[in-house]
Structure formats: structure tokens, C-alpha cells
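Below are the chains, spelled out letter by letter.
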Amino acid sequence: MHKTLSRRLMAGLAAAMAVGAGLGLSLGGAAAAYPERPITMIVPFAAGGPTDVIARIVAENMSKTLGQQIIVENVAGAGGTTGSTRAAQAAPDGYTLVMGHMGTHGAAPALYPNLKYDPAKDFAPVGLAAGTPILIVAKKDFPAKDLKEFVAYVKANADKVNQAHAGVGSVSHSTCTLLDAQLGIKPTLVPYGGTGPALNDLVSGQVDFMCDQIVNLVPQIQAGTIKAYAVATPERSPSLPNVPTTKEAGLPDYQVSAWNAIFAPKGTPQDIIAKLNNALVVALDDESTRKRLLDLGGVIADKPGRSPQALNDLVVSEVARWTPVLKGANSK
Amino acid sequence: MAQQEERSAATTVRHHIRGPQNFAAGLSLIGVSILAFWASSDLTQGSLRAMGPGMLPRTIATLLALCGFILIAISFVKDGAPLERWHMRGPFFVCLGLIAFAATVRTVGLAVAGPLLAIISGFASPETRIKELIIFAIAMTAFSVGLFKYGLNLPIPVFIIPGVVYY
Amino acid sequence: MDIISHLALGFSTALTLQNIGLCLIGCLIGTLVGVLPGVGPIATITMLLPITFGIDPVGALIMLAGIYYGAQYGGSTTAILVNIPGEATAVVTTLDGHEMAKQGRAGTALGIAAIGSFFAGTVATLVIAAVALPLTKLALLFGPAEYFSLMVMGLVFAVVLARGSVLKAIAMILAGLLLSTVGTDLETGEERMTFGYAPLADGIDFAILAMGIFGFAEVLRNLEVTEHRDVVRKAIGRLLPSLAELRQSSPSILRGTFIGGVLGILPGNGAVLGPFASYSLEKKIAKDPRRFGHGAIEGVAGPESANNAGAQTSFIPLLTLGIPPNAVMALMVGAMTIHGIVPGPQVMTRNPNMFWGMIASMWMGNLMLLIINLPLIGLWVKLLKVPYRLMFPAILIFSSIGVYSINNSPADVVFTAVFAIIGYGIIKLGFEPAPLLLGYVLGKLMEENLRRALIISRGDLMTFIERPVSAGLLLIAATLLIVAVLPSIRRSRDEVFVE
């Protein structure tokens, strides 16, 4: 009985494999040139968010250059560290990439003590794709006209002011914690489960201010339902030409943007990295891809910033920058 | 039949308990509550002004235990339903099948994981005819590949032999 | 009148050959993924996003919206046929819908669900067209305190919807609340009750919990009864509801549409409460509430209408405030931004074509869904004749692939196995799984809003009573609870906790 059963099982499996083979498998060989099958790009966040949108726009064009489809796979969880961990542990063959960002490859070591990867050591950087600038915004009847008044008001009324953020580890949380640290203020933090609900309560005036990526905020600012004090980039954003930079508004040290960059697992061969980087550079120079990214309020990486080495330097400096800020905030 | 026997056994051996199902239900609630207290023991309680992460889980666990004690109390004073028999065969093979699917879907691919799940879980039912099931499992898997991989474009691996085939 | 010119503009946009085609494709795909347990609109819209790059934004959004409400229709089919609720809103449909299917009335249940949904969709479309803007002001009245009170009201519904012991229902709600606290704490980022196990850090996905505790536990239960295990145990009756049944359900459809439509406007995912509220109401005002849970047609008609009305009106916060009320809507924001339209308060004036076109397409989509779904009923009912020994492996394969595809994570499939055992045990101990699921769904929203409200009020509990909307909701909740619990106490002292 047992024997026939297992024989039947084997027959079943063999048939299943035949079905698989019949559907057309691409057999691999060492001789063939990379890439010979679709590439998976892990986006460590839920679909529809800023990182996901940027990944999809860039991946679409990169697919054309590489001659193979890049499949975006959303592996959300734990502030993006779940997907990044999976990418770090994947085979270094160039077929698994990850769209990391400021959180997963900058702030994560400070926020997650049990992090299973080192952003600087466990990845082979491919290149910086695009970033989205950070804005400081407040509810529309907040009693401060500009950034200077805002700082003065928050300092004077520290116990009254509520600051919203989209959850510990989110971009809005990290960047605003940096702002608080630089200003030396301690507002009451009101946590939300994402930018949407936080923005809702900012529009309806339940909370006083927050920091977040420009793409989420532009329509509200244009409609006048919230007001913007400053954008934390060296230059003004084309989508909000009336909002001053932090430098113009008197807070030059507050320079921060939610950058997104492609990483491969450590040990990925140099020629594959070079091919991927080239495809990325081509994508970032493509007219329609640029337009799509700029429409989002995104800032496309400049030419020297796109090399693997530049990305490596960025990761090292970001980890060094966020660790004291976020560790200090968490231990209070 | 079996239920009848169990009922009579229950009433003679544990004749104090008049509602065995409620008694067991109450015990399980208390068990869950203890588990929750243990799992949340490292979380801070906080105050109303700044509720800690542990406040709500512990409050709920307390209420849950309270429900458990009331159920146990009722089981002593009031006749209730008897305990139902647990059938082990179904849960065992269905879960084994699901675990086999989980273990193979990313490592070998859907072409193997699908039939494996169907065939292992097939043992859960005494009515299963193995030949029919194997054919059906392969057909369902082929259909799923067509539907999920091609129709819906989901990134699900179909067949993998590490280093040789990846599809 | 404005509404007529707006709708005319909308229909002139939506009624092009291309857009009708895209709407149809969206509805078909939506129905398909809704029927497939676990897959759901989120995974599908994600996968289809790149395909829409080549289409103009209005057409792309019409198609994606079609997937969304198509999935709502399809989801009720699975809930009725195999007792697997794909989304929180379909939980209620399983209660009486699946009972009806077991009695050989699957066709009637599916038919009334489709008709109710179409009616609700039509009304909701008109409501959106007429009063979308003023309604957003209402939405902004809701802060954390109001949402907390709303969720408390929702938990009271869970007590009402239980068919057995009130005490056991309360215990299940508490268990659901407890499950919802598993995961990363929103405020401190600490992991709560995850036992240090990383995949639990984001809590438990609803689809995984529902699949295990409802769907797979049902499979296990069916496996143990050898005599009558086929889902349809009796002869299959008529395929469509009779006139008498239509008349019987029409007041429920009206009430369901109203309740679902109003709750859907709230940006804090109020739509999720709609079906529960409708079911509780129908059960409370029914002449014989005992029929509920045993195949009462009002228990399908009302909640299904509420579900679809809510699905439509939940576009209001997205389109007029630019704030997505749930995960699918968040994805729609992503889709819009990819197409260069950033949803916000100005979409209506800046992209009137898209705004009104989408609204017109909603009605069109609902009509298509009715036309698609009514003939399909015959097919679905035939599927139920597949012998159970083959049916359950098929359910398991489809569900496992669906669960896997949520996060592309095999561990999630193992979780459903664990929940299947728990669900089996729950039934064996005389508990009901529905209140647990409602407790779970509302738990997160309730805790988050409670904590936010208390942070903003600096720990003052009076905030829930001082704010009029919140106080009103709490008052309704208290009244409902008394109405729900009193009869079972009064009925007879011996029967306090077992009906």
C-alpha cells in the first residue's frame, strides 16, 4: 500500500513537472549573458506609496534597456526592514534587487535593535534614483506666519503644541524628530498609521503641525487647507514656487530628503552592477521618466550622485546622521 | 453514538460539571488571558495621559479572564452542551498540506507546491480517490498557473531548480 | 441644476468606446479576483498598474475603480458559496448567505446580493454627484474622539449580531481586540506580543485571519461529517429571488443603502462598519429575530447594499479631500499620482472630466456588474455540485495562493493553518467566529483613536463626552447595548446566557 502510494505520488510529481516544463521554462546556462530572465525588484513598502511609485516608474524604463522585465514585488513590513532583509539574504546573482530608502538604509539601524542587515555592508549599491523633499507644514489657522514665528511659537508653547507623524520609523517621524532635535523643542507627538489619516487631522485642525514628503502635501497646500513653512532642500520646488527653502527661512541646517535608491545583495558581480547602474542612468535621463518623477515633486539624482560609490557614501553618512537623533528620541 | 457515550461518561465522572462545553470554554479563555499577560509582561503600562503599549492588552486580558470565570461558574450551576468530539484526521492532514505548500512554494515553485498541498490534504477525507485526486491536483495547478501567473501577473515562482531552472 | 450638467459631463467622458471597454475589463477582473479567496483588489490593482501606463488617466482610473467595486461583488460570491469572507465587509454576508446556500438557496442569496448592490450603487452614485462637497465638511467633524466612539458603537453591533450566548459573544469580541494589539505599537515602535517573531511585527493580516478562522475551519468542520458534506445538501432551488422575496428584502436594501452610504463618507474607514450596522438593525427590527443566522434573506440584502453603498461613497474622501480611507483607496492615490493627477481638494475643479467621468463610470460599472453577475449565478451554483472530496483541495489551493500573494510570504500560509485549528476549536467550544473578526477589525482603529484622543486631550476622559458628535455616538451605543442585552436577561433567569 505504502509503496504504491509513494509511486503514485512520484508519478504525480513527475507529471506536475512535465506540466511546468510544457509551459515553457527558461533553462539557465552559465554562458548566457545577464539578464536572461525577469528581475525581481523588492519594494519594501505597500503598493501606492511614494517609494512604490518611484520604483515602478524607474523599473519600467530600466526593463527596456535591460531587455528583461523588472517585476516589482511589494514586501511590506516593519518600516521596510522585512523586504530589505529578504533582499540582503537573496542570492547575489543580480535577479533580486531592492528599492531601499532613507528609512531602510539610513534610519533603520537606530530604530530596530534586532536588524538583520547592515545597510552599508550587506548590500552592493547600484545607484540613487530619486528623492522627495521634506516640507514643514501646519494647520491653516496655526498662529505663525513664517518659519521664524513658527519656531518661536512652538518654543513658547511647548506643552500646547501637537505634532502628528505617520508612525514610528516613517519618513514623517524621522524627519520631524530631526527638526525637533535641531530646534531643541519637545512637542507632544500624536501617532497615526500613515500619512493619510495624519493629514486628515491636520486639515481638520485636530493637530498642529507635521513634516512629510512633498508629494503627499502639494494638493492640500495649493487648496489652502494647510500651510507650508519651508522645504528642506537647497532649492525651491517647482511644484511649490512660493514656499521658501529652509535656508531662506532661517533654518539652514535642516536639509533632508526622502531618497530612494536601488541596492543588490552583497557579492553581486561587478559587471552586473555596472549593467544595472547603466540602465538606471538611462532611465533617469529619459524624457518621459523624468517628467513622471518631476510631476511627483521628486528630485532626480544628479549625474555624479548616481554612481554606486556615491550611493555607498550616502548610506554611510545617513546612518551616521540618523543614529544619534533617533536613539536620543527613543530613550527619553 | 460516540457523543452519547461521552456524555454519560462525563456525567458520571465529573458530575459536578453540568455544562462541560462552557467549562472548557471558560478554561480556554483564562488560558488565553494568561498567555496574553505573559506575552505583554515586558510592555509599559503608562498613564491615561500617555497610554503605554501594555495598557490595553492587559485590560482586555483581564476582562477575558473575567468572562472565563463566569462561564466556569455557569457550568457548575446550569446544564449545558456536552463537549464535542475533536476529529484529528482532518486538521492534521490539512495543516500538513498547508505547511508543505509554504515550504515548497518559494523553493521549488507552484508546480510542485500545488499538487503537494492537494494530495496531502486529500488524506484528510476518507472519501478521497487517489488517482482522481492526483489528476485533479495537476489540472488545478496548471489552471492556477495560467490564472495567477499569466492572467493576474502575480510574481509567484512556478518551477525552480536552484542554479538550473528558474521560472 | 448643477447635478445634471455635471452628470452630463461625466457620462460624455465615460461613454466613449474605450472607457466602456476599460470599465468592462475592470469589472470582469474585479469579479474574478473578488471570487478568488485571498487575492483581493489590492494585489490586483498593484499588478495592473504598469499596464495602465499606456492608457490615458481617466480610462486607467475607470478601470481600476471597476476592479475595486467588481471585487466587492465577487467577494460576496465567495462568502456565500464557501463561507470565506475576503474582506471585513463580507463577514456579515457569510452569516446568512452561506446558510442560505446550505439550504439550496444559493441562487436567491447571490441574486439578492447583486440586486441590492446595484440599487445601492445607483443611489450612492447620485449622492456623490449631488452632495459630495458639503459631505466632506461632515467628514472633517470627525477627530480621534469621534472615531473612538464610533468604534465603540461598532463593537456593540457585534453583540447584537451574535446568535447564541451574549457572554460568549463578548468574550469573542475581547479575543478579537486582543489579537488586534499584536504587532508594532504605533506610538513607541515597540513590538507587542510578537514573541520576538519578525513576521508578526506588523500584526496579523485580516485576510489571513479570516481565511483560517472562517474558511479553513469550515473545511475542517465539513470534513468530519461524512454523510452530508457537500455544500449544497438539498436540491438547488430557483436561481433568482422570487417577487415575494424581493418585496421582503426591499426595505432592508433601502435601509442598508442609507447606513452604508453615510458611514462610507467618513475618511477613517467608516465603510467597514456599514454591513455590521445594517445587519444589527435588520435583526433588531425583524418580527422574528431568530431567523437570522439561519438563512434570513434580509440578513444578506441589507448588509450587501450597505457594503456596496459604502464602497462607492468611500470615494468621496479620496476625491474631495485627497485622503484615502482604506488600503485600496491609498493604492488609487498611487495610481492617480503615477498618471500625474494628485488627488486633493482641487481635483474637482482642475480635472472635472476625470472627476465626473469616474463618478458616471461607477454607475455604468454597477450596471455591468449586474449584467455580468446574474447569468453567472447559474455557473456558481453548478460549481457547488462538485463533490466535496475535490472541492476542498481546490479551495485550499486557491486560498493558499491567494494568501501567499498578499505579502509574497510563505509564513502567511502557515499562519492560516494555525488559525484554522483555532477556528475549529472556537466552534467546538460553542463560540462564534464573527464577533471575533469584528473585534479584530475595529480593535486597531479603536485603540489608535483612543490613544490619540487622550494624547490630544492630555489624558482627560471628558473629551469623549464634551464633544457633541462623540457623546451622541456613545449614547446610541449605550442604548443599543441595553436593548440587546435586556431581553436575554429578562427572558428567564435560567436562560441568561444561552438563548
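What you see as residue numbers is a count from 1 along each chain, following the sequence as written. Ligands are numbered from 1 and chains lettered from A, in the order in which they are written. Confidence filtering applies because this is a predicted model: local features only for residues at pLDDT of at least 70, side-chain atom pairs given and counted only at 80 or more, and all residues used for totals across whole chains, interfaces and linings.

With an unreviewed UniProt entry as reference, chain C is termed Putative tricarboxylic transport membrane protein, source organism Chelatococcus asaccharovorans.

As annotated in an unreviewed UniProt entry, chain A carries the name Tripartite-type tricarboxylate transporter receptor subunit TctC and comes from Chelatococcus asaccharovorans. UniProt positions are given in the numbering used here, feature names are shortened, and annotations may be inferred rather than shown by experiment. The record in UniProt for chain A states the following under Sequence similarities (unreviewed entry): "Belongs to the UPF0065 (bug) family."

A. Inspection of the overall build of chain C at higher detail. Helix and strand counts for chain C come out as 21 helices and 2 strands. Our radius of gyration is a C-alpha quantity, and the globule rule it is checked against amounts to 2.2 Å times the number of residues to the power 0.38. For a compact globule of 499 residues, the expected C-alpha radius of gyration is about 23 Å, and chain C comes in at 22 Å, within 12% of that figure. Expressed as lengths along the three principal axes of its C-alpha atoms, the size of chain C is roughly 65 × 60 × 50 Å. Residues with at least 20 neighbouring C-beta atoms inside 10 Å of their own are called buried, those with 12 or fewer are called exposed, and the rest are partly exposed, where every C-beta is derived from the backbone. For chain C, the proportion of its 499 residues judged to be buried stands at 67%. Here, residue contact means that the backbone-derived C-beta atoms of the two residues sit within 7 Å. Sequence-distant contacts in chain C: of pairs separated by 6 or more residues, those separated by 24 or more amount to 81%. Secondary structure elements follow DSSP: runs of H or I of four or more residues count as helices, runs of E of two or more count as strands, with numbering from the N terminus.

B. Molecular detail of helix α3 (residues 55–77) of chain B. Multiplying 1.5 Å by the helix residue count minus one yields the expected span of that helix. The end-to-end C-alpha distance of α3(B) is 34 Å, a good match for the 33 Å that 23 residues give at a rise of 1.5 Å each. By the burial criterion, the buried members of α3(B) are M55(B), L56(B), P57(B), I60(B), A61(B), L64(B), A65(B), C67(B), G68(B), L71(B), I74(B) and S75(B). Buried residues along α3(B) sit in contact with α2 (20–39) of chain B together with α8 (166–180), β2 (191–192) and α19 (433–456) of chain C.

C. Layout of the environment of R86(A). All names here are of chain A. Along the chain, R86 turns up in helix α3 (residues 81–89). A sequence separation of 133 residues divides R86 from P219, and the C-alpha atoms of the two residues are 35 Å apart. When residues no more than four places from it in sequence are discounted, the contact partners of R86 are I42 and V75.

D. Structural view of the domain arrangement of chain A. Residues and elements named next belong to chain A. You can read the domains of chain A as domain 1 (39–131 + 258–330) and domain 2 (133–231). Annotation comment: domain bounds sourced from an automatic or database domain assignment. Spacing between the C-alpha centres of domain 1 and domain 2 amounts to 27 Å. Opposite the 15 residues of domain 1 that make contact, domain 2 presents 13 residues. Contributions of two or more residues to the side of domain 1 that touches domain 2 are made by α4 (103–111) and α11 (308–330). Considering each element in turn, the side of domain 1 that touches domain 2 owes the most residues, 5 residues, to α11. Amino acids outside the nonpolar list (Ala, Val, Leu, Ile, Met, Phe, Trp, Tyr, Cys, Pro) and the charged list (Asp, Glu, Lys, Arg) are all regarded as polar, and Gly is one of them. Across the side of domain 1 that touches domain 2, the residue classes tally to 11 nonpolar, 4 polar and no charged.

E. Broad picture of the pairing of strand β5 (residues 162–165) of chain A. All names here are of chain A. What you see with β5 is no split at all: N162 and A164 on one side and Q163 and H165 on the other are buried throughout. Here, a strand pair is defined by DSSP locating no fewer than two bridges between the strands. Taken together, the 4 bridges between β5 and strand β6 (residues 188–191) define a ladder with parallel strand orientation. Note that in β6 the partner of Q163 across the bridge is L189. Handedness of the crossover joining β5 and β6 through helix α6 (residues 171–183) is recorded here as right-handed. Crossover handedness is defined by viewing with both strands directed away from the observer: a clockwise path from the first strand over the helix to the second marks the crossover as right-handed.

F. Representation of the interface of chain B and chain C within the structure. Contacts between chain B and chain C engage 65 residues on the former and 61 residues on the latter. Those elements that place two or more of their residues in the side of chain B that touches chain C are α2, α3, α4 (89–105), α5 (110–122) and α6 (130–151) of chain B. Grouping the amino acids of the side of chain B that touches chain C by side-chain chemistry returns 44 nonpolar, 16 polar and 5 charged.

G. Structural context of the nonpolar core. V137(A) and L64(B) are the most contacted members of the largest nonpolar core, which totals 345 residues. Ranked by the residues each element gives to this core, the list is headed by helix α6 (residues 106–140) of chain C, at 17 residues. Beyond its immediate chain neighbours, meaning those up to four positions away, V137(A) contacts F209(A), M210(A), L217(A), I221(A), I226(A), K227(A), A228(A) and Y229(A). Here, a nonpolar core denotes buried Ala, Val, Leu, Ile, Met, Phe, Trp, Tyr and Cys residues that are linked to one another through C-beta atoms within 7 Å.

H. Region of the structure containing the pairing of strand β4 (residues 123–139) of chain A. All names here are of chain A. Most of β4 sits out of view: 17 of its 17 residues are buried. Across 2 bridges, β4 lies against strand β10 (residues 299–300) in antiparallel orientation. Residue G131 lies in a different strand from β10, and its bridge partner there is V299. In this structure, β4 lies alongside strand β7 (residues 209–213), joined through 5 bridges in antiparallel fashion. For V137, the partnering residue across the bridge sits in β7 and is M210. Of the pairings in the sheet, the one linking β4 to strand β8 (residues 226–231) comprises 5 bridges and is antiparallel in character. When the sheet's bridge partners are listed, V137 is paired in β8 with A228.

I. Summary view of unusual backbone geometry. Residue and element names in this part refer to chain C. For N83, which is not a glycine, the phi torsion comes out positive at approximately 65°. As for its placement among the helices and strands, N83 is situated in the loop between α4 (57–82) and α5 (91–102). One non-glycine residue, R458, lies in the positive phi region at around 55°. Relative to the helices and strands, R458 is located in the loop between α19 and α20 (463–466).

J. How the structure looks around α4(C). Residues and elements named next belong to chain C. The terminal C-alpha atoms of α4 lie 37 Å apart, and with 26 residues this matches the ideal 38 Å at 1.5 Å per residue to within 8%. The buried fraction of α4 amounts to 25 of the 26 residues, a majority that puts the element mostly inside the structure. Directly after α4, the chain includes N83, whose backbone phi takes a positive value near 65°.

K. View of the packing of helix α10 (residues 243–264) of chain C against helix α12 (residues 298–313) of chain C. All names here are of chain C. Between N-to-C directions, angles cover 0 to 180 degrees, with each direction set by a line fitted to C-alpha atoms, over the stretch in contact for helices. α12 packs onto α10 with a crossing angle of 30° between their chain directions and a minimal axis gap of 7 Å. Classified by the angle their axes make, α10 and α12 are roughly parallel. With respect to the hand of their crossing, α10 and α12 are arranged in right-handed fashion. Of the residues in α12, those in contact with Q248, S249, S252, I253, R255, G256, T257, I259, G260, G261, L263 and G264 of α10 are E298, A301, G302, P303, S305, A306, N307, A309, G310, A311, Q312 and T313. Geometric relationships in this document are graded by angle, where less than 35 degrees denotes roughly parallel, more than 145 denotes roughly antiparallel, 65 to 115 denotes roughly perpendicular, and other angles denote oblique. Take the far helix as the reference: if the near one is turned anticlockwise from it by less than a right angle, the crossing is left-handed, and if turned clockwise, right-handed.

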